[in-house]
Amino acid sequence: MTTTTSPRVLEHPARDQIRLEEVLHALSDAVRLRIVQDLAREETELSCSYFDLPVTKSTTTHHFRVLRESGVIQQMYRGTAKLNCLRRSDLDALFPGLLDSVLAAAGAQDGRGGEAAGTV
């Protein structure tokens, strides 16, 4: 008897289930905002190992889960790697200008040295 294993599938909210308050909560954390900035800058799928974050692996996993469950990112497995991409088209359709505004404000804050002070 042959057993086939199904690919690992992660749960994501459908576009119509994405809520503004959950997106804003996800973007309100400095580590999660940094992940989103990297994804927006690179404009491609990035593995979790791409991100050099100043937190433990378990905390990193938590941050990615918050971003995924809020609808900010999509995660998928490719082989043994978990890839992440920004759900820009969904966010732009639901909340026009929100992501661009948050990213611009975060970039301006980084330019002022806000990240070094821990206020991102």
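Residues numbered from 1 in each chain as written. Predicted model: local features only at pLDDT ≥ 70, side-chain atom pairs only at ≥ 80, totals over all residues. Heavy atoms only, no water.

## Let's talk about the overall build of the protein chain
Scanning the protein chain from N- to C-terminus turns up five helices and three strands. Helices and strands appear in the protein chain in the N-to-C order α-α-β-α-β-β-α-α. Here the protein chain holds 120 residues, and the buried ones make up 38% of them. Across the protein chain, contacts joining residues at least 24 apart in sequence account for 63% of those joining residues at least 6 apart. Surface summary for the protein chain: the accessible area is close to 7300 Å², and the carbon and sulfur share equals 51%. (Helix = DSSP H or I, 4+ residues; strand = E, 2+ residues; numbered from the N terminus. Buried < 20%, exposed > 50% of the residue type's maximum accessible area, 1.4 Å probe, protein only. Contact = heavy atoms within 4.5 Å. Areas by Shrake-Rupley, 256 points an atom, 1.4 Å probe, with all protein chains shown as cover.)

## Brief notes about the sheet that holds strand 1 (residues 46–47)
Across the sheet, three strands lie side by side as 1-3-2; this open sheet has antiparallel pairing. The sheet terminates laterally at strand 1 and strand 2 (73–78), the two strands that pair on one side only. Two elements, strand 2 and strand 3 (residues 81–86), share six bridges in a ladder whose sense is antiparallel. Bridging from a neighbouring strand, glutamine 75 pairs with asparagine 84 of strand 3. Helix-sheet contacts for helix 2 (residues 30–42) involve strand 1, strand 2 and strand 3, and the interaxial angle to strand 3 is about 80°. Where helix 3 (residues 57–70) meets the sheet, it contacts strand 2 and strand 3, and its direction lies at approximately 115° from that of strand 2. (Pairing = 2+ DSSP bridges. Axes fitted to C-alpha atoms, helices over the stretch in contact; angles between N-to-C directions.)

## A look at the confidence of the model for the protein chain
In this model, the protein chain carries a mean pLDDT of 89, and residues with pLDDT of at least 70 account for 88%. A low-confidence stretch, residues 116–120 (pLDDT under 50), is modelled with eight contacts involving residues beyond four sequence positions or located in other chains. (pLDDT = per-residue confidence, 0-100.)

## Focus: the packing of aromatic side chains
Each aromatic ring pair is characterised by the separation of its centres together with the angle its planes make. Per the stated rule, a full pass over the model turns up two aromatic pairs. When the ring of tyrosine 50 is compared with that of phenylalanine 51, the centres are 5.3 Å apart and the planes differ by 85°; the resulting orientation is edge-to-face. Here tyrosine 50 falls in the partly exposed class, since its relative accessible area comes to 38%. Its relative accessible area of 8% is what places phenylalanine 51 among the buried residues. On the numbers, 5.4 Å between centres and 65° between planes, the contact of phenylalanine 51 with phenylalanine 64 is edge-to-face. Highlighted residues: phenylalanine 51 in the loop between strand 1 and helix 3 and phenylalanine 64 in helix 3, separated in sequence by 13 residues. (Phe/Tyr/Trp six-rings, centres within 6.5 Å; stacked < 30°, edge-to-face > 60°.)

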